[in-house]
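Notes for the structure review
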Amino acid sequence: EEIALDFKNSGAKWVHIVDLEGAKTGDTPNLDTILKIKDTCGLCVEVGGGIRNMAVVDRYLSAGVDRVILGTSAVSNPDFVKEATDKYGEKIAVGVDIKDGFVAIKGWTEKSEFEAFDFCERMQSLGVTTLICTDISKDGAMLGTNHELYQELSKRFDMQIIASGGVSTIDDVKKLAKLDIYGAIIGKAYYTKAIDIADAIEVAK
């Protein structure tokens, strides 16, 4: 569970959840817990982890989840991406995990054949409106984020770009907020209290 800052709407709007059990089973084992989180916090909820077919997409969105995130399935099955975006539009996001310039899959354990920017172009052509982009080399390292990557993504594409990985300090948030991107995800820095969420929301305004 992480906090996603929404730069366009001046605050923390989203709770970002990756269901690790769902990633293994391809099902929705923690749906009840996810809905309780949504009810408790009053924020929008986006969920990723093992979403590989329309039945799971339908189950999450019909239950009240606000957005689902397609990961490895977006690489392996572009027809699925098209079907999901045709049906649900902006409720579908794609997670792009980048390693050495290529898209990584299967929990970062494998590097795909797709160059990152080519893949993003493909997702845009399929109707994807939101990309959650993670520079794997930065994630969890608490050494800052890859501002150059997100700046380039915002220049190249018309999609909503959300920065993930390495958002470690308030200065990171300030720099990202100045770019023309949609938002940023704060994970480890939230749990270690390196970033105060109230301060981050203020900076995001």
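Look up: the structure comes first, before these words.
As the structure is a computational prediction, the values presented were derived from the model and not from experiment.

Remarks on unusual backbone geometry
You will see that aspartate 100, though not glycine, has its phi angle at about 55°, which is positive. Tracing the chain through its elements places aspartate 100 in the loop between strand E5 (92-99) and strand E6 (102-105). One non-glycine residue, lysine 193, adopts positive backbone phi at about 65°. Summarising the element assignment, lysine 193 is placed in the loop between helix H9 (188-191) and helix H10 (197-204).

Concerning the state of the cysteines
For the structure on display, the rule yields 0 disulfides. With no disulfide partner, cysteine 41 has as its closest neighbouring cysteine sulfur the one in cysteine 44, 8.8 Å distant. Counting only cysteine sulfurs, cysteine 120 is the nearest neighbor of cysteine 133, a cysteine outside any disulfide, at a range of 4.9 Å. Residue cysteine 133 is classed as buried on the basis of its relative accessible area, which comes to 0%.

The rules behind these values
Residues numbered from 1 in each chain as written. Predicted model: local features only at pLDDT ≥ 70, side-chain atom pairs only at ≥ 80, totals over all residues. Heavy atoms only, no water. Helix = DSSP H or I, 4+ residues; strand = E, 2+ residues; numbered from the N terminus. Disulfide = S-S within 2.5 Å. Buried < 20%, exposed > 50% of the residue type's maximum accessible area, 1.4 Å probe, protein only.

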